[in-house]
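So you can see what is in the structure, the chains are spelled out below.
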Amino acid sequence: KTKGLNELAGPPYIEINPQDASLYGIKAKDLIYVYSRRGGITISAKITDRVKPGVVFIPMRSAAAPVNVLTINALDRYTKTPAFKVCAVGLKKAG
C-alpha cells in the first residue's frame, strides 16, 4: 500500500478464467464492474487459467480497487480472523 509497492505491482486487476471471460464477453484489460451484496468496484480484467472456472481472484493490495468493500466483516468461527478472502460476486463489463 505504499507508492513503491504499487509501482512494482502495477495497476489493480481481477483474474478471470478464459471460459468465464468468454461467457461474459470479457477481454483482457476490459474494465469490469465486480459487485456483491455489500458493494462494488471497477477493475481491469486479466484472463488466465490460474483460476478455475466460476472463481475470480483480486489481489488485496490497492487503494485504487478496495476489494474489502465486497466482503463481510464476519469472523471465522475457529480462527477468529476476518473472512475478507471469500465472497460471492457478480461481474459485468463497466460502462
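Computed from a predicted structure; not experimentally measured.

Structural notes on the side chain of threonine 48
Phase 1: Here threonine 48 lies in the loop between strand 3 (40-47) and strand 4 (56-57).
Phase 2: A distance of 3.0 Å separates a polar atom in the side chain of threonine 48 from the backbone nitrogen of arginine 50.
Phase 3: Excluding its chain neighbours within four sequence positions, the residues that come into contact with threonine 48 are Glu15, Ile16, Asn17 and Pro18.

What to know about the pattern of salt bridges
Phase 1: Within the structure shown, the criterion is met by two salt bridges.
Phase 2: In this structure, arginine 50 engages glutamate 15 in a salt bridge whose closest nitrogen and oxygen atoms are separated by 3.3 Å. Of this pair, arginine 50 sits in the loop between strand 3 and strand 4 while glutamate 15 sits in strand 1 (residues 13-16), and the two are 35 residues apart along the sequence.
Phase 3: Exposure remark for arginine 50: the relative accessible area of 63% places this residue in the exposed category.
Phase 4: Note that aspartate 30 is salt-bridged to lysine 93, the shortest N-O span being 3.5 Å. With aspartate 30 in the loop between helix 2 (18-24) and strand 2 (31-35) and lysine 93 in strand 5 (residues 90-93), the pair connects residues that are 63 residues apart, well separated along the chain.

Quick notes on unusual backbone geometry
Phase 1: Positive phi is not limited to glycine here, since lysine 29 has a value of about 75 degrees.
Phase 2: By secondary structure assignment, the location of lysine 29 is in the loop between helix 2 and strand 2.

Digging into the environment of threonine 48
Phase 1: The exposure class assigned to threonine 48 is buried, which follows from its relative accessible area of 11%.
Phase 2: Between the C-alpha atoms of threonine 48 and alanine 21, which are 27 residues apart in sequence, the distance is 9.3 Å.

Procedures and definitions
- What you see as residue numbers is a count from 1 along each chain, following the sequence as written.
- In view of the model being predicted, local features appear only for residues whose pLDDT reaches at least 70, and side-chain atom pairs are presented and counted only at 80 or more, with totals across whole chains, interfaces and linings using the full set of residues.
- Excluding hydrogens and water, the side-chain figures rest on all heavy atoms present in the structure.
- Numbered from the N terminus, helices here are DSSP runs of H or I no shorter than four residues, and strands are runs of E no shorter than two.
- Within 3.5 Å is the distance limit for a polar contact, defined as a pair of N or O atoms, with the added protein rule that one can donate a hydrogen and the other accept it, and that residues adjacent in sequence qualify only through two side-chain atoms.
- Contacts between residues were defined by any pair of non-hydrogen atoms, one from each residue, lying within 4.5 Å.
- Throughout this description, the term salt bridge denotes a Lys or Arg side-chain nitrogen within 4 Å of a carboxyl oxygen of Asp or Glu.
- Using a 1.4 Å probe on the protein chains alone, a residue whose accessible area is under 20% of its type maximum counts as buried, one over 50% counts as exposed, and one in between counts as partly exposed.

Interpretation note: all reported values are geometric properties and have no functional meaning in isolation.
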